[in-house]
Amino acid sequence: KVVLTGYPRFDFYQQPDKWPTKNDFFNKYGLDESKKTIYFPSYPVIWTIKEWLFDDEVCRHPEKTPVPPWHSRINETIDNDKFKFETLEVLYNFAKSNPNIQVVIKLHPFQRRGTALNRFEKLADRRVLENFSLINRNVDPRHIIIHADLVVGFNCTMLMEAMIVGKPTIATNW
């Protein structure tokens, strides 16, 4: 007998008793509970060939990270780095002109602070704007999703999870 259960990661969304309260979550990470929250789950450097080729780890250990076979087609591929930069630029400018919202960026577990971050991720890391910030990358992203008012992303599981919970969601590269 086969029982269909779905992806176990999504079970969390059906168990609100396991969710942190909004107050506890926002206090723990220095977020303002009174502001509308936009969540941007960033994506790792290895997802874009331009970033991949210049990642510090790749440069230090090229023998461990062979050039992928598609590297010669860089001009034929979608410029994911451009989409990411443009999305973060829009979110930064939106936060700058709307102090009643906060933008929370969570680095992907494969990303490291200080390496291969684009200009806007670095601004968020330094908290140049009070309402535009990086959150600890070890935070369970599901906790951010359940307390976010909007999730903006780029072809990622986080967008699907946000839709499962009924959160407004924007995919920026379509």
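Heads up: the structure comes first, above all this text.
Residues numbered from 1 in each chain as written. Predicted model: local features only at pLDDT ≥ 70, side-chain atom pairs only at ≥ 80, totals over all residues. Heavy atoms only, no water.

Chemist: I'd like to hear about the sheet that holds strand 5 (residues 169-171), residue by residue, with values.
Modeler: Taken together, five strands build an open sheet; the order of strands is 3-2-1-4-5 and the sheet is parallel. The open sheet is flanked by strand 3 (132-135) and strand 5, the only strands paired with a single partner. The average angle at which neighbouring strand axes cross in this sheet is 25°, direction not considered. Packed onto the sheet, helix 5 (residues 119-126) meets strand 2 (101-106) and strand 3 and runs at close to 85° relative to strand 3. (Pairing = 2+ DSSP bridges. Helix = DSSP H or I, 4+ residues; strand = E, 2+ residues; numbered from the N terminus. Axes fitted to C-alpha atoms, helices over the stretch in contact; angles between N-to-C directions. Contact = heavy atoms within 4.5 Å.)

Chemist: A description of a nonpolar patch on the surface should follow, citing residues and the corresponding values.
Modeler: Among the surface-exposed residues, M160, M163 and I164 lie close enough to one another that they form a single nonpolar patch of about 290 Å² accessible area. Positionally, I164 belongs in helix 7 (residues 157-164). Looking at I164, the relative accessible area reads 39%, which means it is partly exposed. (Patch = residues over 30% accessible without salt bridge, like charges linked within 9 Å, V, L, I, M, F, W, Y side chains within 5 Å. Areas by Shrake-Rupley, 256 points an atom, 1.4 Å probe, with all protein chains shown as cover. Salt bridge = Lys/Arg side-chain N within 4 Å of Asp/Glu carboxyl O. Buried < 20%, exposed > 50% of the residue type's maximum accessible area, 1.4 Å probe, protein only.)

Chemist: Describe the nonpolar core, with residues and values.
Modeler: When a protein is soluble and globular, its nonpolar side chains tend to lie buried together. Ranked by size, the top nonpolar core spans 20 residues in total, and within it F40, L88, L91, V103, I105 and F132 carry the most contacts. Residues in contact with I105, not counting those within four places in the same chain, are F40, S42, L88, A124, F132, S133, L134 and I135. (Core = buried A, V, L, I, M, F, W, Y, C linked by side-chain atoms within 4.5 Å.)

Chemist: Let's hear about the packing of aromatic side chains: which residues, and what values?
Modeler: Across all of its chains, the model carries seven aromatic pairs by this definition. Here Y92 and F120 contribute two aromatic rings whose centre-to-centre distance is 5.5 Å and whose plane-to-plane angle is 50°, an arrangement assigned as tilted. With a gap of 28 residues between them, Y92 in helix 4 (residues 80-97) and F120 in helix 5 connect regions that are remote in the sequence. Measuring from centroid to centroid gives 5.1 Å for Y92 and F132, while their planes differ by 85°, and the two rings are edge-to-face. (Phe/Tyr/Trp six-rings, centres within 6.5 Å; stacked < 30°, edge-to-face > 60°.)

Chemist: Mind laying out the pattern of salt bridges, listing which residues take part and the relevant values?
Modeler: One pass over the structure, following the stated rule, counts two salt bridges. Across the pair R9 and E161 runs a salt bridge, and its minimum N-O distance is 2.6 Å. Taken together, the residues span a long stretch of sequence, with R9 in the segment before helix 1 (22-28) and E161 in helix 7 at a distance of 152 residues. A relative accessible area of 23% means that R9 is categorised as partly exposed. A relative accessible area of 0% means that E161 is categorised as buried. Note that R142 is salt-bridged to D140, the shortest N-O span being 2.7 Å. Under the relative-accessibility criterion, R142 is labelled buried at 17%.

Chemist: Which residues make up the layout of surface pockets, and what are the values?
Modeler: As a volume, the largest pocket reaches approximately 310 Å³. Forming the walls of the largest pocket are 19 residues, and the residues nearest its centre are R9, H108, P109, P141 and M158. Those elements giving two or more residues to the lining of the largest pocket turn out to be strand 1 (36-41) and helix 7. Among the elements that make up the lining of the largest pocket, the one with the highest residue count is helix 7 (three residues). (1 Å grid on protein atoms, 1.4 Å probe; cavity = no way out; pocket = protein on both sides within 12 Å on 5 of 7 lines; lining within 4 Å. Points joined across faces, edges and corners; volume = space filled by probe spheres on them.)

Chemist: Residues and numbers for helix 7, please.
Modeler: For an α-helix, 3.6 residues make a turn, and residues three or four places apart therefore share a direction. For helix 7, the full list of buried residues reads M158, L159, E161 and A162. Mapping the buried residues of helix 7 onto a view down its axis gives an arc of 165°, with all of them on the same face. Downstream of helix 7 by one or two residues, G166 has phi in the positive range, about 85°. (Arc of directions from axis to C-beta.)

Chemist: Give a detailed account of unusual backbone geometry, specifying residues and quantitative values.
Modeler: Positive phi, normally seen in glycine, also occurs at R127, with a value near 55°. Mapping R127 onto the fold places it in the loop between helix 5 and strand 3. Its relative accessible area of 35% is what places R127 among the partly exposed residues.

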